[in-house]
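# Structural description and commentary
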Amino acid sequence: MEQPDDDFLEKAEARRIAAQEAADQKERLKEEEETKKKAINIHKDIDNLQKELNDLQESCKHTDAVIKQRPGDTVKKYCVACDKYLNYPTEQELKDYLYGNDRSTRKD
Ligand SMILES: [Zn+2]
């Protein structure tokens, strides 16, 4: 039986590698497309939830406030019920909050 020559084997290996690379690239593009679709859907969900929260906060009467400091933010007053930012605390409210006075509404 005749042995295939080196050139033939090299070309066959090159074709095998090229086919594998094409398959890998196709798989990467498929994964990228799936990630893109998921990201679009997550953004839609976030938008819908944000709208739902806005509507809820619009209809809330904001009868009770609590002072909180969120990470990376200043101390602010929020509605207890709907968590909407209302305004900044007064100087006295801020002192009560910071020093844990009895009147403090601190809950964090
Ligand atoms: Zn509210």
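Here's a quick rundown of the structure. (Residues numbered from 1 in each chain as written. Predicted model: local features only at pLDDT ≥ 70, side-chain atom pairs only at ≥ 80, totals over all residues.)

Counting its regular elements, the chain contains 2 helices and 3 strands. The N-to-C order of helical and strand elements in the chain reads α-β-β-β-α. The burial tally for the chain puts 4% of its 108 residues in the buried class. Here the analysis covers contacts within the chain between residues at least 6 apart in sequence; of these, 25% occur between residues at least 24 apart. (Helix = DSSP H or I, 4+ residues; strand = E, 2+ residues; numbered from the N terminus. Buried ≥ 20, exposed ≤ 12 C-beta atoms within 10 Å, placed from the backbone. Contact = placed C-beta atoms within 7 Å.)

Time to look at the pairing of strand 2 (residues 75–79). Two faces, one strand: in a regular strand the side chains alternate between the faces of the sheet. Of the strand pairs in this sheet, strand 1 (residues 65–69) and strand 2 are connected by 5 bridges, and their pairing is antiparallel. Paired with Gln-69 across the two strands is Val-75, which belongs to strand 2. Across 2 bridges, strand 2 lies against strand 3 (residues 85–87) in antiparallel orientation. Paired with Tyr-78 across the strands is Tyr-85, a residue of strand 3. (Pairing = 2+ DSSP bridges.)

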